Amino acid sequence: MSAFYREKVLSVQHWTDTLFSFRATRDSGFRFQNGQFAMIGLEVEGRPLLRAYSMASANHEEELEFFSIKVQDGPLTSRLQKIKEGDTILVGRKATGTLITDNLIPGKRLLLLSTGTGLAPFASLIKDPEVYDQFDSIVLVHGCRQVSELAYGEKLVAGLREDELFGELLADKLIYYPTVTREPFKNRGRITDLISSEQIFNDIGQGPLDIATDRIMMCGSPAMLEELKLMFEGRDFVEGSGNKPGHFVIEKAFVER
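Cut-offs and rules
Residues numbered from 1 in each chain as written. Predicted model: local features only at pLDDT ≥ 70, side-chain atom pairs only at ≥ 80, totals over all residues. Heavy atoms only, no water. UniProt positions renumbered as here; feature names shortened; annotations may be inferred. Helix = DSSP H or I, 4+ residues; strand = E, 2+ residues; numbered from the N terminus. Rg over C-alpha atoms; globule rule 2.2 N^0.38 Å. Buried < 20%, exposed > 50% of the residue type's maximum accessible area, 1.4 Å probe, protein only. Contact = heavy atoms within 4.5 Å. Areas by Shrake-Rupley, 256 points an atom, 1.4 Å probe, with all protein chains shown as cover. Lys, Arg positive; Asp, Glu negative; His and termini not counted. Charge placed at Lys NZ, Arg CZ, Asp CG, Glu CD. Salt bridge = Lys/Arg side-chain N within 4 Å of Asp/Glu carboxyl O. Pairing = 2+ DSSP bridges. Axes fitted to C-alpha atoms, helices over the stretch in contact; angles between N-to-C directions. Domains from an automatic or database assignment. Buried area = accessible area lost by both parts, 1.4 Å probe. Polar contact = N/O pair within 3.5 Å; in protein donor to acceptor, adjacent residues only side chain to side chain. Nonpolar A, V, L, I, M, F, W, Y, C, P; charged D, E, K, R; others polar.

An unreviewed UniProt entry lists the protein chain under the name ferredoxin--NADP(+) reductase, with Bradyrhizobium canariense as the source organism. Checking UniProt for the protein chain, the heading Catalytic activity (unreviewed entry) contains the comment "2 reduced [2Fe-2S]-[ferredoxin] + NADP(+) + H(+) = 2 oxidized [2Fe-2S]-[ferredoxin] + NADPH".

Have a look at this one:
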């Protein structure tokens, strides 16, 4: 178990029947860049049971936060959803991931496209002051099936807008765009359709997709990621990586179990 930190659960919040978040202690030696993930999990019968989880907390915060799905028969999440204050979780010592601004070529507008718990890395990124220095506008898009599933993101953004330090920083730059697919709501539809129809840009009062100025990060369901990747590549956007920055980056480590 030397490859892991043993951290204590500080709080757990259940948002819906399928979503919960939790906060835990953070070892002073654990370093990460905003947008990255680590392997986290539980010790089960003396062995680590792990999945990749993006940090929803920023790297300047003293505690760790994670946002998770609940899968009743999932090897890890069926157990993880039952954790309570005082329990111990395992956190891998090494953080990694592609959703860091270094993997993007400079631009003016940053689109953060997420579905479900794919919001987590962007919860970290929108708490990073450097991101606001790098981009003129940051558009956080969160797609869910039900309105209730937006609660975590809504509370996150509202809290930041009221924050002494971040409120002013966010005021002119952060645009939050929640959308749902299965219930009536002010924004309706799949992210792919909202971008291709330009509906999202009309709604926020900004210009359509522009390869010269737009940079994109994506995290969510595999189907959504594949569809968006094909759409952007069809418009000559190039995927970035640690070796060569590009117009968009994708996080493929997504907890579904």
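S.K.: Got a sec to walk through the overall build of the protein chain? Specific residues and values, please.
M.R.: Looking only at helices and strands, the protein chain has 8 helices and 11 strands in total. A globule of 257 residues ought to have a C-alpha radius of gyration of about 18 Å, and the protein chain, at 18 Å, matches this closely. With the principal axes as the frame, the protein chain shows a C-alpha extent of 55 × 40 × 40 Å. Of all 257 residues assigned to the protein chain, the portion counted as buried reaches 53%. Across the protein chain, contacts joining residues at least 24 apart in sequence account for 72% of those joining residues at least 6 apart. When the accessible surface of the protein chain is totalled, it reaches about 11900 Å², and 47% of it is carbon and sulfur. Distance between charge centres in the protein chain, computed from 30 positive and 37 negative side chains, equals 5 Å.

S.K.: Explain the pattern of salt bridges residue by residue, including any values.
M.R.: Between side chains of opposite charge, a pair can form as their charged atoms come close. Evaluation of the coordinates by the stated rule reveals 11 salt bridges. With its nearest N and O atoms 2.4 Å apart, the salt bridge here joins E65 to R23. With E65 in strand 5 (residues 63–69) and R23 in strand 2 (residues 19–25), this residue pair connects regions lying 42 residues apart in the sequence. With its nearest N and O atoms 2.6 Å apart, the salt bridge here joins E239 to K229. Remark: K229 occurs in helix 8 (residues 222–234) and E239 occurs in the loop between helix 8 and strand 11 (248–251); sequence separation between them is 10 residues. Each of R23, E61, E63, E65 and K127 takes part in a single network of salt bridges with overlapping partners.

S.K.: So what's going on with the sheet that holds strand 5? Residues and values would help.
M.R.: Where strands meet in a sheet, backbone hydrogen bonds hold them as pairs that are either parallel or antiparallel. Strands sit in the order 4-3-6-1-2-5 across an open sheet of 6 strands; the sheet is antiparallel. The open sheet terminates on both sides in strands that have one partner only, identified here as strand 4 (47–54) and strand 5. Looking at each pair of strands side by side, their axes are set apart by 40° on average, direction ignored. When strand 3 (residues 37–44) meets strand 4, the two strands line up antiparallel, connected through 8 bridges. Residue pairing in the sheet places I40 in a bridge with R51 of strand 4.

S.K.: An account of the domain arrangement of the protein chain is requested, with residue identities and associated values reported.
M.R.: Looking at the protein chain, the domain boundaries give domain 1 (4–96) and domain 2 (101–252). Each of domain 1 and domain 2 was reduced to a C-alpha centroid, and the two centroids are 23 Å apart. Contact with domain 1, which involves 22 residues of that partner, is made by 17 residues of domain 2. Both sides together, the interface formed by domain 1 and domain 2 hides about 1600 Å², and carbon and sulfur atoms give 61% of it. Summed over the three residues of domain 1 that lose the most area to domain 2, namely W15, N34 and F67, the buried surface amounts to 36% of that side. In this assembly, domain 1 and domain 2 are joined by 1 salt bridge. One can count 9 residue pairs in polar contact (both at pLDDT 80 or more) joining domain 1 with domain 2. Those elements that place two or more of their residues in the side of domain 1 that touches domain 2 are strand 2 and strand 5. Residue composition of the side of domain 1 that touches domain 2, grouped by class: 9 nonpolar, 11 polar and 2 charged.

S.K.: Residue-level account of the sheet that holds strand 9 (residues 174–180), with values.
M.R.: Across the sheet, which stays open at both edges, the 5 strands sit in the order 9-8-7-10-11 with parallel pairing between neighbours. Among the strands making up the open sheet, the edge pair consists of strand 9 and strand 11. Here the average twist between neighbouring strands, direction ignored, is 15°. In the sheet, strand 7 (residues 109–115) pairs with strand 10 (residues 214–219) via 6 bridges, with the strands oriented parallel. Of the residues in strand 10, the one forming a bridge with L110 is R215. The strands touched by helix 4 (residues 151–162) are strand 8 (137–144) and strand 9; relative to strand 9, the strand with the most contacts, the crossing angle is about 165°.

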